[in-house]
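In case you want the letters, here they are:
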Amino acid sequence: MTPGTIHGVGLGPGSQDLMSVRADRLIRGASHVAYFRKKGRTGHARGIVEGLLAQDAIELPMEYPVTTEIPFDDPRYNELLAAFYERSVAQLREIADAGRDVVVLCEGDPFFYGSFMHLYTRLQGRVAVVPGITGMSAAWTATGRPVTWGDDILTVLMGTLPEAMLTERIAQTDALVVMKIGRNLDKLRRALASSGREDQAWLIEYAAMPQESIRPFREVGESVPYFSIVVIHGNGRRP
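Values in this document were obtained by computation on a predicted structure and should not be read as measured data.

**Q** How should the sheet that holds strand S6 (residues 154-158) be read in this particular structure?
**A** Sheet strands pair by backbone hydrogen bonding; their relative direction is either parallel or antiparallel. Read from one edge to the other, the open sheet built from 5 strands follows the order S6-S7-S10-S8-S9, with strand pairing classed as mixed. Two strands lie at the open edges of the sheet, namely S6 and strand S9 (213-216), each paired on one side alone. For this sheet the average axis-to-axis angle between neighbouring strands, irrespective of direction, equals 20 degrees. In the sheet, S6 pairs with strand S7 (residues 175-179) via 5 bridges, with the strands oriented parallel. Residue Thr 155 lies in a different strand from S7, and its bridge partner there is Leu 176.

What follows is the structure in structure tokens.
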């Protein structure tokens, strides 16, 4: 029996019409569809493809055993997630070994800060990857301004980084993207202020989704939703 293929399919930032033609074809034709989600939730990736799946498609929700309940530097965090990824890989392998293809839905791009990468490294040689538009691309496009010019250096930071490192990197770069803000909002606010760049920053919520919102970072309140990205535009060389 010829084994099936496990497809990691990038869905883009959250709008069906921003998916690639290849992603759309694979999703509509899939007999098995896997996706990550928090326990008790539909899952954002699954929500993006609502109405696209075949009626007889078998869905395989992969529920995280932990998200923010344990600090990521706690040894238990890695232990729980490693076991979770191993179980997920075993399930995907079983389906592929039976000759069936599996589509794994991935928000944004599968190789850009996504959970799918932890499956990919355990499934070398069994996976085909379909790239997707990243959330940060949708975010800076939503501002209506180019993010980089000429020789600008673009830096992508995670809000989970230590405050001192955030401050240093923000001060050094030309153009900036900050992801994973959420509970790190106050820390990021201090880092932007310390680097003297708070007035240059924009906050984009739910980029490319129906509830998209763009505003100067200085107007941000005490909290932001999970799907939030901060952008600082470069001002480099141009004709």
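**Q** I tried to follow the sheet that holds strand S4 (residues 102-106) on my own but got confused; where do I start?
**A** Taken in spatial order, the 5 strands of this open sheet run S3-S2-S4-S1-S5, and their pairing is parallel. Because the sheet does not close on itself, it has two edges, and the strands there are strand S3 (58-63) and strand S5 (127-130). Across the sheet, the axes of successive neighbouring strands diverge by a mean angle of 25 degrees, strand direction being ignored. Bridge count for strand S1 (residues 6-10) against S5 is 4 bridges, and the pairing is parallel. Counted as the bridge partner of Val 9 is Val 130 from S5.

**Q** Is there a simple way to explain the pattern of salt bridges in this structure?
**A** Where charged atoms of side chains with opposite charge meet at close range, the side chains can pair. What the rule picks out here adds up to 11 salt bridges. Across the pair Arg 46 and Glu 50 runs a salt bridge, and its minimum N-O distance is 3.0 Å. According to the relative accessible area criterion, Glu 50 is exposed, its value standing at 52%. Between Asp 151 and Arg 237 there is a salt bridge, and its shortest N-O distance comes to 2.8 Å. Of this pair, Asp 151 sits in the loop between helix H5 (135-142) and S6 while Arg 237 is found in the segment after strand S10 (228-232), placing the two residues 86 residues apart along the sequence. Arg 237 matches Asp 151 in its accessibility class, with the two residues each being exposed. Salt bridges sharing common partners tie together Arg 46, Glu 50 and Glu 59.

Definitions and limits used
- Residues numbered from 1 in each chain as written.
- Predicted model: local features only at pLDDT ≥ 70, side-chain atom pairs only at ≥ 80, totals over all residues.
- Heavy atoms only, no water.
- Pairing = 2+ DSSP bridges.
- Helix = DSSP H or I, 4+ residues; strand = E, 2+ residues; numbered from the N terminus.
- Axes fitted to C-alpha atoms, helices over the stretch in contact; angles between N-to-C directions.
- Salt bridge = Lys/Arg side-chain N within 4 Å of Asp/Glu carboxyl O.
- Buried < 20%, exposed > 50% of the residue type's maximum accessible area, 1.4 Å probe, protein only.

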